[in-house]
Amino acid sequence: RLRDGDAADWEAFTLWLEGDAQRAAIYSSVALDDADLLVRSRNRPQEILANDNASSRWKVNKATVAFATGVMAACAIALIAVPQLWPSHNRYAVATRPGEQRKFVLQDGTRITLNGSSILTLDNNDVRTAQLDRGEALFMVQHDPKKPFAVVVGNNRIEDVGTVFNVRRRGKGVSVEVAQGAIVYNPAQQAIALRAGQTLSDNAERGAIKVGSRPPDDIGTWSKGRLTYHEASLATVADDLSRNIGEPVTVDPAIASRQFTGVIQVERNRKTLFARLAAVLGLDARRTAKGWKISMPERAHQ
């Protein structure tokens, strides 16, 4: 029922899960089996399967995967493929188109999910370093105390301490969110330590670094077809939607700074997706010649 469910169905489902602690655990087990069948039915490349053994599986929080079946059925962006590589000596780039996601495993066992409209540069001579040139990526790092895994974003460096963390690059700005473990942001400069549930936003143009928090289960949910926000600007929401659905999404400058708190389920039916979003926001969301635009209702201008 959730595959075509509306907001009321999802709310009822959440209440049902909360009614008995065993329900979430049982549903999570079923959802993981369902997701595993979906993945294997897509004839995954051997390079990925070779690293997909029981000892190196993703450690997923049960609360995070409770909605996995509905998410995987509704999400139009789920894609597992071998990265397209453009060798340059030992460095190569992994790129995604708008609306496309890619999952891959490095030689050290680190797993990376690259969001749409993103570019990640890697090096065969240094598998413990990745450079995020554009977009967003979720890292599940295989920890090595002798050689920390590092993500370079512009002039900034992020080092893990056995971690699951999300990194986003937008213009000159950088944001980091830690779901598990800990990271150190710019160890040779500010040396800001972040633990699970902590976030960091570095706006290079304003020269300001802000440390905040959010529930760990809300971090990186875009990889499961859910965009989760707490007091995020509509400009950020529009940017995320563009990256995840593969179509340009713009927002009227007059409301671009308006804040939104909630969850957006990425759906295959774009008309339904934006109709629900518009209803929640109390705004208009319509398709234009250049994509989708979020704006004030026409009646509000009258």
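Heads up: the structure comes first, above all this text.
The rules behind the values
Per chain, residue numbering runs from 1 following the sequence as it is written. pLDDT decides what is reported in this predicted model: residues at 70 or higher carry local features, side-chain atom pairs at 80 or more are listed and counted, and totals for whole chains, interfaces and linings draw on all residues regardless. Here the side-chain values reflect all heavy atoms present in the structure, with hydrogen atoms and water set aside. A helix here means a DSSP run of H or I that spans at least four residues, while a strand means a run of E at least two residues long, and both kinds are numbered starting from the N terminus. When accessible area is computed with a 1.4 Å probe and restricted to protein chains, residues below 20% of their type maximum are described as buried, those above 50% as exposed, and intermediate ones as partly exposed. Contact between two residues is taken to exist if any of their heavy atoms lie within 4.5 Å; hydrogens are not considered. Per-residue and other accessible areas follow the Shrake-Rupley method at a 1.4 Å probe size, with only the shown protein chains counted as cover for residues. Definition of nonpolar core: a set of buried residues of the types Ala, Val, Leu, Ile, Met, Phe, Trp, Tyr and Cys, connected through side-chain atoms within 4.5 Å. Any two strands between which DSSP finds at least two bridges are classified as paired. Throughout, an axis means a line fitted to C-alpha atoms (over the contacting stretch in the case of helices), and angles, computed between N-to-C directions, take values from 0 to 180 degrees. The salt bridge criterion pairs a side-chain nitrogen of Lys or Arg with a carboxyl oxygen of Asp or Glu, the two atoms within 4 Å. Stacked, edge-to-face and tilted labels apply to pairs of Phe, Tyr and Trp rings (six-membered ring for Trp) whose centres lie within 6.5 Å, assigned for plane angles under 30 degrees, over 60, and everything in between, in that order. Helix span is expected to be 1.5 Å times the residue number reduced by one.

It is not clear to me how the overall build of the protein should be interpreted in this structure. Could you clarify?
What the protein contains, in helices and strands, is eight helices and 18 strands. Across the 302 residues of the protein, 46% fall into the buried class. Taking the contacts inside the protein whose residues are at least 6 apart along the sequence as the reference set, 47% of them involve residues at least 24 apart. Within the structure as shown, the protein displays about 15800 Å² of accessible surface, and the carbon and sulfur contribution to it stands at 50%.

What should I look at first to understand the nonpolar core in this one?
What tends to happen in soluble globular proteins is that the nonpolar side chains get buried as a cluster. Core analysis: the largest hydrophobic core is formed by 28 residues, its most contacted members being L241, V249, I264, F274 and I294. Looking at this core, the elements with two or more residues in it are strand 5 (129-140), strand 14 (226-233), helix 6 (234-245), strand 15 (249-251), strand 16 (259-265), helix 7 (270-281) and strand 18 (291-295). Among the elements that make up this core, the one with the highest residue count is helix 6 (five residues). Judged by nonpolar contacts, the second largest core, of 26 residues, contains A137, V174, V176 and L200.

Could you clarify how one ought to interpret the sheet that holds strand 15 in this entry?
Adjacent strands of a sheet form backbone hydrogen bonds with each other and so pair up, either parallel or antiparallel. Strands sit in the order 15-18-17 across an open sheet of three strands; the sheet is mixed. Of all strands in the sheet, those with a lone pairing partner are strand 15 and strand 17 (284-288), marking the two edges. Between one strand axis and the next, the sheet turns through 25° on average, direction left out of account. Sheet topology note: the strand 15/strand 18 ladder contains three bridges and is parallel. Within strand 18, the residue paired with V251 across the bridge is I294. The strands touched by helix 6 within the sheet are strand 15 and strand 18, with strand 15 carrying the most contacts at an inclination of about 170°. Each of strand 15, strand 17 and strand 18 touches helix 7; the most contacted strand, strand 18, lies at about 10° to it.

It is not clear to me how the pattern of salt bridges should be interpreted in this structure. Could you clarify?
Opposite charge on two side chains permits them to pair, given that their charged atoms come into close proximity. Taken as a whole and assessed by the stated rule, the structure comprises 15 salt bridges. Note that K147 and D126 form a salt bridge whose closest N and O atoms lie 3.9 Å from each other. Residue K147 is found in the loop between strand 5 and strand 6 (150-153), and its partner D126 is found in the loop between strand 4 (119-123) and strand 5; the two are separated by 21 residues along the sequence. You can call D126 partly exposed: its relative accessible area is 23%. Connected via shared salt-bridge partners are E136, R168, R170, D239, D240 and R243.

I tried to follow the environment of R270 on my own but got confused; where do I start?
For R270, the location among the structural elements is in helix 7. Taking the relative accessible area as the measure of exposure, R270 reaches 13% and is therefore buried. For R270 and R287, which are 17 residues apart along the polypeptide, the C-alpha to C-alpha distance reads 9.4 Å.

Would you take a moment to explain the pairing of strand 8 (residues 164-170) for this structure?
Two faces make up the sheet, and in a regular strand the side chains alternate between them. The buried fraction of strand 8 amounts to five of the seven residues, a majority that puts the element mostly inside the structure. In this sheet, strand 8 lies alongside strand 5 in antiparallel orientation, the contact comprising six bridges. Bridging from a neighbouring strand, E136 pairs with R168 of strand 8. In this structure, the hairpin formed by strand 8 and strand 9 (residues 173-180) is closed by a connection of two residues, where G171 is found at a positive phi of approximately 65°.

How should the pairing of strand 10 (residues 182-185) be read in this particular structure?
Taken together, the three bridges between strand 7 (residues 156-160) and strand 10 define a ladder with antiparallel strand orientation. In the strand pairing of strand 10, I158 is matched with Y185. Two strands pair when backbone bridges link them, and strand 10 and strand 11 (residues 192-195) are joined in this way by four bridges, in the antiparallel orientation. The partner of A182 across the bridge, within strand 11, is R195. Once strand 10 ends, the chain turns through six residues before running back antiparallel as strand 11, passing N186 with a positive phi of about 50°.

I tried to follow the packing of aromatic side chains on my own but got confused; where do I start?
Aromatic ring pairs are defined here through the distance separating the ring centres and the angle between the ring planes. A complete count under the given rule lists four aromatic pairs for this structure. With 6.0 Å between their ring centres and 50° between their planes, F139 and F149 make a pair best called tilted. A residue pair is termed long-range when its members are at least 10 positions apart, and F139 in strand 5 and F149 in the loop between strand 5 and strand 6 qualify at ten residues. There is no split in this pair, since F139 and F149 are both buried. Among the aromatic side chains, those forming a connected cluster through ring pairs are F139, F149 and F165.

Whenever I open this one, helix 6 confuses me. Can you help?
Turn by turn, an α-helix covers 3.6 residues, leaving residues three or four places apart pointing in a common direction. Here helix 6 contains twelve residues, and its C-alpha end-to-end distance of 16 Å stays within 8% of the 16 Å for a straight helix at 1.5 Å per residue. The buried count for helix 6 comes to ten of twelve residues, which makes it a mostly enclosed element. All buried positions along helix 6 are accounted for by L234, T236, V237, A238, D240, L241, S242, R243, N244 and I245.

The analysis is restricted to geometry; functional conclusions fall outside its scope.
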